[in-house]
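Architecture and fold: a report
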Amino acid sequence: MRLSFAELTARERVVQLLDTGSFQEILGPAERVVSPHLALLGVPSAFDDGVVIGSGLLAGQPVLLAAQEGEFMGGGVGEVHGAKLVGLFQRALVHRPVAVIVLAESGGVRLHEANAGLIAVSEVMRALLVVRAAGIPVLMLIGGANGCFGGMGLIARCADWVVMSDIGRLAMSGPEVIESSHGVEEFDSRDRALVWRTTGGKHRYLTGDCDLLVEDDVAQFRSAATGLLHQARPLSLAALEAEQALLTERLRRDGDCRDALDIWQRAGVAEPLRVTDMEADAIVRLKDTMEHLSKEPA
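This write-up is about the structure you can find in this document. No experiment lies behind these values; they were computed from the predicted model shown.

Notes on the pattern of salt bridges
Under the counting rule described, the total for this entry stands at 19 salt bridges. A salt bridge links Asp166 to Lys202, with the shortest nitrogen-to-oxygen separation between them at 3.7 Å. Residue Asp166 is located in the loop between β6 (161-165) and α5 (175-182), and its partner Lys202 is located in helix α7 (residues 201-206); the two are separated by 36 residues in the primary sequence. Given the relative accessible area of 10%, Lys202 is considered buried. Across the salt bridge formed by Arg250 and Asp209, the nearest N and O atoms sit 3.1 Å from each other. A residue pair is termed long-range when its members are at least 10 positions apart, and Arg250 in helix α9 (residues 237-254) and Asp209 in the loop between α7 and β7 (212-214) qualify at 41 residues. Residue class for Arg250 comes out partly exposed when judged on its relative accessible area of 23%. The class of Asp209 is buried, set by a relative accessible area of 7%. Here the salt bridges do not stand alone but share partners, grouping Arg11, Glu25 and Asp48 into one network.

Set out below in structure tokens:
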């Protein structure tokens, strides 16, 4: 039977993703490493500050892993939360795992901690890139109900690989942030269909913002992550320039589109409304067809 990734807690996801009995937590709840800021504001703390980190085995191979808990402050990144992530990446430089895996579920910076959270995000990003430069692949798995937004959205796109389910969402700014900044005419955050087809896994996969699309199933996330172990992508000026060229071309091609439906249709999808109801494997076949058609001579 399928086990929903989205419905599990952070710890449950870790236990189900890794080989049975292999997870060793670092700075677990018993250590009582909590935010120094929340108590001053009268806000309840979590003894792990909303992120689980540690080591374990995936298909018998050593990995380091972090999982954000979306039920605690939306997975928001604060000073301690960010420091735990930074420490995990620094540990990777010493222990040389076959990959660092982040189960991302976050609305971004924890507003209660303001600048401390912003600094934490920048430190995590730098630590991640140092690990990649050392040849250790970083995998982002996104399938939680809260999505991956704000600073964590930026961090996710710094990774070697992004794996998403259609339950997952990925963007720099969340729907409510866009609406509050530019008005409901720009983006209606209450339109759930609009939100998911704009930021959801299907759209991110079709546009190349995520590398693998899976169902909301722990076994599929595990299989996808296992296949990416040892698969580091080059972190170089040439790779950065190639990525920039792709983004420039996307803006040229789709910059005037108002909806994901317009982008899908322009890419060759005959019935774009059907995309939202398609299963992950059907979306993968659809993208293969789109890429094949784009390579055919006019």
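So that's the structure; there's more coming.
Comments concerning a nonpolar patch on the surface
There is a patch of nonpolar side chains on the surface, built from Leu93, Val94 and Val130 and spanning about 250 Å² of accessible area. Mapped onto the elements, Leu93 comes out in helix α2 (residues 79-95).

Digging into the side chain of Glu69
Residue placement: Glu69 occurs in the loop between β3 (61-68) and α2. No salt bridge is formed by the buried Glu69; its nearest oppositely charged neighbour, Arg11, is found at 6.1 Å. In terms of polar contacts, Glu69 uses its side chain to reach the backbone amide nitrogen of Ala10, at 2.8 Å. Not counting chain neighbours up to four residues away, the residues in contact with Glu69 comprise Thr9, Ala10, Gly50, Gly74 and Gly75.

Looking at the sheet that holds β3
Read from one edge of the open sheet, seven strands run β1-β2-β3-β4-β5-β6-β7, paired in mixed fashion. Edge positions in the sheet fall to β1 (24-26) and β7, since each of these pairs with one other strand and no more. Each adjacent strand pair in this sheet contributes to an overall mean axis angle of 25 degrees, direction not counted. In terms of strand pairing, strand β5 (residues 138-142) meets β6 through four bridges, oriented parallel. Across the sheet, the residue bridging to Leu139 is Trp161, located in β6. The sheet contacts of helix α1 (residues 10-17) involve β1, β2 (51-58), β3, β4 (100-104) and β5, and relative to β3 the element is tilted by about 160 degrees. The sheet strands contacting helix α8 (residues 218-228) are β2, β4, β5, β6 and β7, and the helix crosses β6 at an angle near 165 degrees.

As for helix α3 (residues 114-133)
Helix length check: α3 (20 residues) gives 29 Å between terminal C-alpha atoms against 28 Å at 1.5 Å per residue, within 8%. Buried residues of α3: Ala116, Gly117, Ala120, Val121, Val124, Ala127, Leu128, Val131 and Arg132, and no others. When α3 is viewed along its axis, its buried side chains cluster within an angular range of 145 degrees and face the same direction. Across α3 from its buried face, at more than 90 degrees, point the exposed residues Asn115, Leu118, Arg126 and Ala133.

Let's talk about the packing of aromatic side chains
Counted under the stated rule, the structure contains one aromatic pair. If you follow Arg32 out to its NZ or CZ, it ends over the ring of Phe47, 3.7 Å from the centre. It is Lys287 that lies over the ring of Tyr205; its NZ or CZ is 4.4 Å from the centre.

Regarding the nonpolar core
As a rule of thumb, nonpolar side chains are buried together in soluble globular proteins. In this structure, Phe89, Val100, Met140, Ile142 and Val275 are the most contacted members of the largest nonpolar core, which totals 47 residues. Considering each element in turn, this core owes the most residues, six residues, to α3. Look past the residues within four positions of Val100 in its chain and what remains in contact with it is Leu64, Leu88, Phe89, Ala92, Val131, Ile136, Pro137, Val138 and Leu139. Membership of the second largest hydrophobic core comes to 27 residues, among which are Leu17, Phe23, Leu58 and Val63.

Comments concerning the packing of α2 against α3
The geometry of α2 relative to α3 is characterised by a closest axis approach of 8 Å and an angle of 10 degrees between their N-to-C directions. With respect to α3, the axis of α2 lies roughly parallel. For the element pair α2 and α3, the recorded crossing hand is left-handed. Judged by residue contacts, Glu79, Gly82, Leu85, Val86, Phe89, Ala92 and Leu93 of α2 engage Ala116, Ala120, Glu123, Val124, Ala127, Leu128, Val130 and Val131 from α3. Residues of the contact of α2 with α3, tallied by class, amount to twelve nonpolar, one polar and two charged.

Thresholds, definitions, all that
- Residues numbered from 1 in each chain as written.
- Predicted model: local features only at pLDDT ≥ 70, side-chain atom pairs only at ≥ 80, totals over all residues.
- Heavy atoms only, no water.
- Salt bridge = Lys/Arg side-chain N within 4 Å of Asp/Glu carboxyl O.
- Helix = DSSP H or I, 4+ residues; strand = E, 2+ residues; numbered from the N terminus.
- Buried < 20%, exposed > 50% of the residue type's maximum accessible area, 1.4 Å probe, protein only.
- Patch = residues over 30% accessible without salt bridge, like charges linked within 9 Å, V, L, I, M, F, W, Y side chains within 5 Å.
- Areas by Shrake-Rupley, 256 points an atom, 1.4 Å probe, with all protein chains shown as cover.
- Lys, Arg positive; Asp, Glu negative; His and termini not counted.
- Polar contact = N/O pair within 3.5 Å; in protein donor to acceptor, adjacent residues only side chain to side chain.
- Contact = heavy atoms within 4.5 Å.
- Pairing = 2+ DSSP bridges.
- Axes fitted to C-alpha atoms, helices over the stretch in contact; angles between N-to-C directions.
- Expected span 1.5 Å × (residues − 1).
- Arc of directions from axis to C-beta.
- Phe/Tyr/Trp six-rings, centres within 6.5 Å; stacked < 30°, edge-to-face > 60°.
- Lys NZ or Arg CZ within 6 Å of the ring centre and 35° of its normal.
- Core = buried A, V, L, I, M, F, W, Y, C linked by side-chain atoms within 4.5 Å.
- Parallel < 35°, antiparallel > 145°, perpendicular 65-115°, else oblique.
- Left-handed = near helix turned anticlockwise from the far one by under 90°.
- Nonpolar A, V, L, I, M, F, W, Y, C, P; charged D, E, K, R; others polar.

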